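# Fold and geometry: a report
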Amino acid sequence: MCPLLYTNTSIIISAYNIEQYISRCLDSVINQSYKNIDIVVVNDGSTDNTLNIIKDYSNKDNRINIVNQDNKGLIEARKSGLKIACGEYILFLDGDDWLHTQAIEKLYKKAIQDDSDIVLYNFYLAYDSNKLKAQKSFEETVKYEDDYLKLSLTGQIGANIWAKFLRREFLIDNNIEFVKDITYAEDVATTNLLFMYSPKVSTIDENLHYYYQRGNSVTKIVDERLFDIPKALNFIKLNLEKQGLYEKYKEEYGYLYYKHIYFYQIISATHYIDIHKKLYKIWKSTKIDIRNNKYFIDFKDQMTNGLKVKIEMFDRSYYLGVAYIKFRSILKNN
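Read on for an overview of the structure. (Residues numbered from 1 in each chain as written. Predicted model: local features only at pLDDT ≥ 70, side-chain atom pairs only at ≥ 80, totals over all residues. Heavy atoms only, no water.)

## With respect to helix H12 (residues 305–316)
Taking 1.5 Å of rise per residue, 12 residues should cover 16 Å, and H12 covers 17 Å from first to last C-alpha, within 8% of that figure. Among all positions in H12, only Lys310, Ile311, Met313 and Phe314 are buried. The buried side chains of H12 occupy one side of the element, clustering within an arc of 160° when seen end-on. Facing away from the buried side of H12 by more than 90 degrees, the exposed set consists of Asn305 and Arg316. Taken together, the buried residues of H12 touch helix H9 (250–267), helix H10 (274–286) and helix H13 (318–333). (Helix = DSSP H or I, 4+ residues; strand = E, 2+ residues; numbered from the N terminus. Expected span 1.5 Å × (residues − 1). Buried < 20%, exposed > 50% of the residue type's maximum accessible area, 1.4 Å probe, protein only. Arc of directions from axis to C-beta. Contact = heavy atoms within 4.5 Å.)

## Some words on the nonpolar core
Counting 75 residues, the largest nonpolar core has Leu233, Ile236, Tyr258 and Phe314 as its most contacted members. With 10 residues, the top contributor of residues to this core is H9. Excluding anything up to four places from it in sequence, Ile236 contacts Leu153, Val188, Ala189, Asn192, Met196, Tyr253 and Leu256. Formed by 35 residues, the second largest nonpolar core is a distinct cluster that contains Ile11, Ile18, Ile30 and Ile37. (Core = buried A, V, L, I, M, F, W, Y, C linked by side-chain atoms within 4.5 Å.)

## Overview of the packing of helix H8 (residues 228–242) against H9
For the pair H8 and H9, the least separation of the axes is 11 Å and the interaxial angle reads 180°. Classified by the angle between their axes, H8 and H9 sit roughly antiparallel to one another. Packed against H8, whose contacting residues are Ile229, Pro230, Leu233, Asn234, Ile236, Lys237 and Leu240, the element H9 presents Tyr253, Leu256, Tyr257, His260, Ile261 and Gln265 at the interface. Residue composition of the contact of H8 with H9, by class: nine nonpolar, three polar and one charged. (Axes fitted to C-alpha atoms, helices over the stretch in contact; angles between N-to-C directions. Parallel < 35°, antiparallel > 145°, perpendicular 65-115°, else oblique. Nonpolar A, V, L, I, M, F, W, Y, C, P; charged D, E, K, R; others polar.)

## Concerning the environment of Tyr124
Along the chain, the position of Tyr124 falls in strand S6 (residues 118–126). Classification of Tyr124 by relative accessible area gives partly exposed; the value is 23%. Sequence spacing of Tyr124 and Ala134 is 10 residues, and the spatial spacing of their C-alpha atoms is 4.5 Å. Excluding anything up to four places from it in sequence, Tyr124 contacts Leu132, Lys133, Ala134, Asn207, His209, Tyr210 and Tyr211.

## Some details on H10
Under the 1.5 Å per step criterion, the end-to-end length of H10 is 19 Å for 13 residues, consistent within 8% with the ideal 18 Å. Three or more residues of H10 are buried, namely Ile275, His276, Leu279, Tyr280 and Trp283. Projected down its long axis, H10 shows its buried positions confined to an angular sector of 140°, all on one face. When the buried face of H10 is taken as reference, the exposed residues oriented beyond 90 degrees from it are Lys281 and Ser285. On its buried side, H10 packs onto H8, H9, H12 and H13. Once H10 ends, the next one or two residues include Lys287, with phi positive near 55°.

Geometry only, nothing functional implied.
Listed below in structure tokens is the structure:
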């Protein structure tokens, strides 16, 4: 329950077994140049020393509120944090990532200036070697088009929810409920859901978030969690239909499905196991007419000839595609 005096921004941090990273994250938050914030840290069933570290920080900074729960996964941790967040604006932050010192100051100023529901901003990929690689979370088209749902579905706005500064009232007024029962691709589902409600959007072309690249990151693992991707995509379709938007955005949705199931998981794979075969069957079962999709046509025009051949082989059959990859590997090794 929020007090009568709201803070300007709530930072919701999800933490699970990150004892070696959580201090860096919390330091970046409590040392923000903008001080009128509340910090909600959700310990999602950590079994290491994460909770004790969070408690130590909480004892030193009364802006930190702790939610301690059994392990439920990232999306449920964010929901738990959102329930007690009091800020006018919300920022989600994973506990192994961290923020630029002036991130909240810049984002809140922009949000108030433009009366924004969502402020988009850029980020760095951060590596153990202290190497940083600047990344865009939105393309230039965002500045010139206002059909943000189309831009989101076609990947011109990145799916990462932590690169979006969100007005809490916008979430409440539209009764936005995040996807349930998935642990992978939740950001794809959540981000596209947000843009179905015609938010006022602003952008800051600055890198304000440090996205840490762990070797064991969930985004690098190939296991049963990949089957959450079609669940996330089906969630998007159901909500498009619920809002009466599916027919208008059918082509954009088809392209989204193609990219996230077929291109990223099959065409872009470097080795193939039974999971890939099952995802291939899921893609084929949709019968989406991707060859006549205008976004796919533009996308394919930018591909190398080698990639086009790879796609052609997989389009004919899964086994032909895998055989082609093995043949190419033999030629390369020789």
